Amino acid sequence: MTALGKEGAHALGMKAEGSCPEGFHHLGDGCYFLSRNAFTWPEALTICENSAADLAVIETEGENSLVKGWIRGQRDGIMSGVWISGNDILEEGHWVYAMSQRGLVYTDWAPNEPNHMGTTENCIELQKYTDFRWNDNNCEQHRQVLCKRS
Ligand SMILES: [Ca+2]
Ligand SMILES: [Ca+2]
């Protein structure tokens, strides 16, 4: 089994933890899964899809705070960042959510971000060294993955 399949299979477990499937953590009105291993952003989309979830869309300050608090609590388990749904792959500077292609309704950019550094940064991560504020990074970088089921 590939590493990709393994993450997906783990998240697919059927035993409920609270009201969320095994491997998912209940926060606010959603269920979130954080991968242990790191993947490219396109792989992240597939991992979430394989778990009947979406790459996490964070739409409010309240949700962003809950998610960041949870991830901060696992800081030692975070290598450098966590992929979420937003991207400007189709049109530079036009930030949309992956599945719906709707424009972002909330952002938490770190200072001087998004900077499209090296003209290659089109995917959003929660960046560890800015205490999980948002950074645009190269979609082919390997980052952990945040999936959400509502
Ligand atoms: Ca960009
Ligand atoms: Ca950047």
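Okay, so let's go over this structure. (Residues numbered from 1 in each chain as written. Chains lettered and ligands numbered in written order. Predicted model: local features only at pLDDT ≥ 70, side-chain atom pairs only at ≥ 80, totals over all residues.)

## Focus: the overall build of the protein chain
On a plain count of helices and strands, the protein chain comes out with three helices and nine strands. When the helices and strands of the protein chain are read in sequence order from the N terminus, they spell out α-β-β-β-β-α-β-α-β-β-β-β. For the protein chain, the residues scored as buried account for 36% of the 150 residues in total. Within the protein chain, contacts between residues at least 6 apart in sequence are counted, and of these 64% link residues at least 24 apart. (Helix = DSSP H or I, 4+ residues; strand = E, 2+ residues; numbered from the N terminus. Buried ≥ 20, exposed ≤ 12 C-beta atoms within 10 Å, placed from the backbone. Contact = placed C-beta atoms within 7 Å.)

## A closer look at unusual backbone geometry
Looking along the chain, the bond that leaves Glu113 and enters Pro114 is cis, with omega of 0 degrees. The topology assignment puts Pro114 in the loop between strand E6 (81-87) and strand E7 (121-127). Here the phi dihedral of His116 falls at roughly 50 degrees; this positive angle occurs in a residue that is not glycine. Inspection of the secondary structure assignment puts His116 in the loop between E6 and E7.

## Looking at the pairing of strand E4 (residues 30-34)
The element E4 is extensively covered by neighbouring structure, given that four of its five residues are classed as buried. Of the pairings in the sheet, the one linking strand E3 (residues 25-27) to E4 comprises three bridges and is antiparallel in character. Among the inter-strand pairings, His25 is bridged to a residue of E4, identified as Tyr32. Here E3 folds back onto E4, and the loop between the two strands holds two residues, one of which, Gly28, carries a positive phi near 55 degrees. Summarising the sheet, E4 and strand E9 (residues 144-149) pair through four bridges and their orientation is antiparallel. Opposite Cys31, over in E9, you have Arg149 as the bridge partner. (Pairing = 2+ DSSP bridges.)

## What about the pairing of E6?
In terms of burial, E6 is a largely internal element, seven of the seven residues being buried. Relative to E7, E6 is paired through four bridges, and the arrangement is antiparallel. Across the sheet, the residue bridging to Gly81 is Gln127, located in E7. Strand direction decides the pairing type here: E6 and E9, joined by two bridges, are parallel. Note on E9: the bridge partner recorded for Val82 is Gln144.

## A look at helix H2 (residues 41-50)
When we look at burial in H2, the residues that qualify are Trp41, Glu43, Ala44, Leu45, Ile47 and Cys48. In the segment just after H2, Ala52 is the residue with positive phi, at about 55 degrees.

## Details of the environment of Cys48
Note on placement: Cys48 falls in helix H2. Sequence separation of Cys48 and Lys148 is 100 residues, and the distance between their C-alpha atoms is 7.7 Å.

All we've got here are geometric facts, nothing functional implied.
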